[in-house]
Amino acid sequence: MAKYVPEPFRIKMVEKIKMLTKEERAQKIKEADYNLFGLRSEDVYIDLLTDSGTGAMSSDQWGGLMQGDEAYAGSKSYYNVIDSGRDIFGYEYIQPVHQGRAGEKVIFPLFLSKGKYAISNTFFDTTRAHVELCGARAIDCVIEAAKNPAVRAPFKGNMDIPKLEKLINELGAENVGLIVLTITNNSAGGQPVSMENIKATSEVCKKYGLTMEIDCARFAENAYFIKRDEKGYQDKSIKDIVREMFSYGDIFHMSSKKDAIVNMGGVLGVKDGNNPVIPNIKANCVSYEGFYTYGGLSGRDMESLAIGLQEGIDEDFLHYRIGQCEYLAAKLDEAGVIYQSPVGGHGLFIDAAAMFPQIPYNEFPAQVLAIELYKEAGIRTCDIGSFMMGNDPDTGEQIKSDFEFTRFAIPRRVYTQAHFDIMADALIAIKKRAGEIKRGMRITWEPPILRHFQAKLEYINK
Ligand code: F0G
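Below or above, wherever it landed, is the structure these notes cover. Going along each chain's sequence as written, the residues are numbered from 1 onward. Residue-level local features of this predicted model are given only where pLDDT is at least 70; pairs of side-chain atoms are given and counted only at 80 or more, and the full residue set underlies all totals for whole chains, interfaces and linings. The side-chain quantities take in all heavy atoms of the structure and omit both hydrogens and water.

### Observations regarding the packing of aromatic side chains
Moving on, step 1. Working definition: rings of Phe, Tyr and Trp (its six-membered ring) pair if their centres are within 6.5 Å, and the pair is stacked with planes under 30 degrees apart, edge-to-face with planes over 60 apart, and tilted otherwise. Scanning the model with the defined rule gives 21 aromatic pairs in all.
Moving on, step 2. Each ring, one from Tyr-91 and one from Phe-252, has its centre 5.3 Å from the other, and the planes form 55 degrees; the classification is tilted. With Tyr-91 in the loop between α3 (76–89) and β2 (93–97) and Phe-252 in strand β7 (residues 251–255), the pair connects residues that are 161 residues apart, well separated along the chain.
Moving on, step 3. Under the relative-accessibility criterion, Tyr-91 is labelled buried at 1%.
Moving on, step 4. Each residue is placed in one exposure class: buried if its accessible area under a 1.4 Å probe, protein chains only, is under 20% of its type's maximum, exposed if it is over 50%, and partly exposed if it falls in between. Exposure remark for Phe-252: the relative accessible area of 0% places this residue in the buried category.
Moving on, step 5. One aromatic cluster in this structure is built from Phe-89, Tyr-91, Phe-219, Phe-246 and Phe-252.
Moving on, step 6. We call a charge positioned over a ring when the NZ of a Lys or the CZ of an Arg lies within 6 Å of the ring centre and within 35 degrees of the ring normal. Here Arg-413 stacks its cationic end above the ring of Phe-317, 5.8 Å away from the centre of that ring. Secondary structure counts use DSSP, requiring at least four H or I residues in a row for a helix and at least two E residues in a row for a strand, with both numbered from the N terminus.

Below, the structure is given as structure tokens:
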């Protein structure tokens, strides 16, 4: 039986949402060229497009907004971010930026250029794009277990260590600019990376003299899974686990719109305060983001970020949050809907290839499911599959993704048990009629990079 973990908070402010009719929704998604990013949010009932920047801030964070120091240089709020960041990550240098991809733009050109490679357990789409914008190439190196959604295994986000070493040897260590460890591994289903694997990745980096960069948008969720599932961590605090996780890396960038529960913000960190990369980080920050004591954020945003970083590692909160995903998963288990199992940190990744075996990867089954969910119940999700992967930058061919997921990304502290019941009911209803859905999608227009945000699609008539 599905069991719901009660909210460790009460609700102080609400936002009205509306439900359109099925006919209205069919029209709206057509007008949006069958791209969920093209919908107006007011036409969405339950918005699971992303867990990024969509969380509900706490009364402490809203109070913090009023305390924001808007000084151009040396703002008090900047020092609060530094104190909070140092306290959590144990890194000496902390730099605010306006969001995660801004951090990628600041850091990656310092390590990557044409002819270089970056290897990750799995790159997130913007992270991959920033590698490519440097002229370098991005290679995913996740363990094989991650590629089979129905196989229930812990830490499916792990780096494949033997494969990583093999890749470094084949490419030549001098051509590998960065090793990027994504925790949790978003594109593989929000799957965690074990402490053992973080340590092993770090040992490979040390052996070959490579920099280990942690892409840590969801580091707190990752720490929760380590505490729950990895031997020897049950009695440790989340904070101690986070400290150990980061002790193995050299640099990190964080989209704080996830585990720091802010609507906008990001953080960079460098473990060693004497690392010669720091002046270059500051210089890039000044050029792209703004002076390094505000990094593209207003003082009030930095204030809520400093507070949110601490709230994100609260164990009661993490227990409730992961519990929401498990509640939905239990309902799907009862109905035989396949998802990346066990559930990851920030949502459920439904296996659309299993739901629609009749639709091939290059007709985007995960996009088809996302559209069905919107038409069925006004739920907005997104494709994390071949549609998102795009085309090979060298050959222009459609890349076949290892996964065809439709992602239910759960905003933090926003939706209640009744909303989760609607999500489950919608998926189960679609599964019942899945065999009748024969038509895949075709792209009628796409931009050269990060196409899934803007591409236009239509149904293929068979
Ligand atoms: N890295 C990871 C692992 C991410 O999940 C994201 C964003 C970023 C970097 C970029 O951060 O959006 O603040 O610039 N993920 C969001 C998502 C957009 O929906 O998964 P950003």
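### A closer look at the site of the ligand
Moving on, step 1. The environment of the ligand is formed by 17 residues, the closest being Thr-50, Arg-101, Ser-255, Lys-258 and Arg-407.
Moving on, step 2. In the environment of the ligand, an oxygen atom lies 2.7 Å from a nitrogen or oxygen atom belonging to the side chain of Thr-50.
Moving on, step 3. Each polar contact in these results corresponds to two N or O atoms within 3.5 Å; when the atoms are within protein, one needs to be able to donate a hydrogen and the other to accept it, and residues that are neighboring in sequence are counted only if both atoms are side-chain atoms. Lys-258 places a polar side-chain atom, nitrogen or oxygen, 2.9 Å from a nitrogen atom of the ligand.
Moving on, step 4. For the ligand, whose unbound accessible area comes to 470 Å², protein coverage reaches 95%.
Moving on, step 5. Mapped by element, the contributors of at least two residues to the shell around the ligand are α4 (100–107) and α5 (125–133).
Moving on, step 6. Put simply, Ala, Val, Leu, Ile, Met, Phe, Trp, Tyr, Cys and Pro go in the nonpolar bin, Asp, Glu, Lys and Arg in the charged bin, and everything else, Gly too, in the polar bin. Per-class residue counts for the shell around the ligand are one nonpolar, nine polar and seven charged. What makes a residue near a molecule or strand is one non-hydrogen atom of that residue sitting within 4 Å of it. Only the protein chains shown count as cover for residues, and all accessible areas are computed by the Shrake-Rupley method using a 1.4 Å probe.

### Let's talk about the pairing of strand β5 (residues 176–182)
Moving on, step 1. With respect to burial, β5 is a largely interior element, seven of its seven residues being buried.
Moving on, step 2. With four bridges connecting them, strand β3 (residues 117–120) and β5 associate as parallel partners. Counted as the bridge partner of Ala-118 is Leu-178 from β5.
Moving on, step 3. Here β5 runs beside strand β6 (residues 212–215); their pairing, made up of four bridges, is parallel. Considered in β6, the bridge of Ile-179 is made with Met-212.
Moving on, step 4. Orient the strands so they point away from the viewer, and a crossover whose first-strand-to-second-strand path over the helix runs clockwise is right-handed. Of the crossover connections in this fold, the one passing from β5 over helix α7 (residues 195–208) to the parallel β6 is right-handed. For two strands to be treated as a pair, DSSP must find at least two bridges joining them.

### Here's the deal with the sheet that holds strand β9 (residues 347–351)
Moving on, step 1. Across the sheet, which stays open at both edges, the three strands sit in the order β9-β12-β11 with antiparallel pairing between neighbours. A strand with exactly one partner marks an edge of an open sheet, and here the two such strands are β9 and β11 (382–384). Averaged over neighbouring strand pairs, the angle between their axes works out to 35 degrees when direction is ignored.
Moving on, step 2. With five bridges connecting them, β9 and strand β12 (residues 405–409) associate as antiparallel partners. Counted as the bridge partner of Gly-347 is Ala-409 from β12.
Moving on, step 3. Helix α12 (residues 315–335) contacts β9 and β12 of the sheet and is inclined by roughly 25 degrees relative to β9. Fitted lines through C-alpha atoms serve as axes, helices being fitted only where they are in contact, and the angles separating the N-to-C directions of these axes extend from 0 to 180 degrees. The contact criterion used throughout is that any non-hydrogen atoms of two residues lie within 4.5 Å.

### A few points about the pattern of salt bridges
Moving on, step 1. Definition used for salt bridges: Asp or Glu carboxyl oxygen within 4 Å of a side-chain nitrogen of Lys or Arg. The tally for this structure, following the rule as stated, stands at 30 salt bridges.
Moving on, step 2. Two residues, Asp-229 and Arg-228, come together in a salt bridge whose shortest N-O distance is 3.0 Å.
Moving on, step 3. With a relative accessible area of 35%, Asp-229 lands in the partly exposed category.
Moving on, step 4. In this structure, the salt-bridge partner of Glu-372 is Arg-433, at a minimum N-O distance of 2.9 Å. Here Glu-372 is found in helix α14 (residues 365–377), whereas its partner Arg-433 is found in the loop between α16 (417–432) and β13 (441–445), with 61 residues between them in sequence.
Moving on, step 5. When its relative accessible area of 8% is taken as the criterion, Glu-372 is described as buried.
Moving on, step 6. Its relative accessible area of 24% is what places Arg-433 among the partly exposed residues.

### Things to note about the sheet that holds β7
Moving on, step 1. Ordered in space as β2-β8-β7-β6-β5-β3-β4, the seven strands form an open sheet in which the pairing is mixed. Since the sheet does not close on itself, it has two edges, and those belong to β2 and β4 (137–140), each with one partner. Strand after strand, the sheet turns through a mean of 20 degrees between neighbouring axes, direction not considered.
Moving on, step 2. Examined bridge by bridge, β7 and strand β8 (residues 266–270) share five bridges and lie antiparallel to one another. Within β8, the residue paired with Phe-252 across the bridge is Gly-269.
Moving on, step 3. Those strands touched by α5 are β3, β4, β6 and β7, and its axis lies near 145 degrees from that of β4.

These figures come from the coordinates and say nothing about function on their own.
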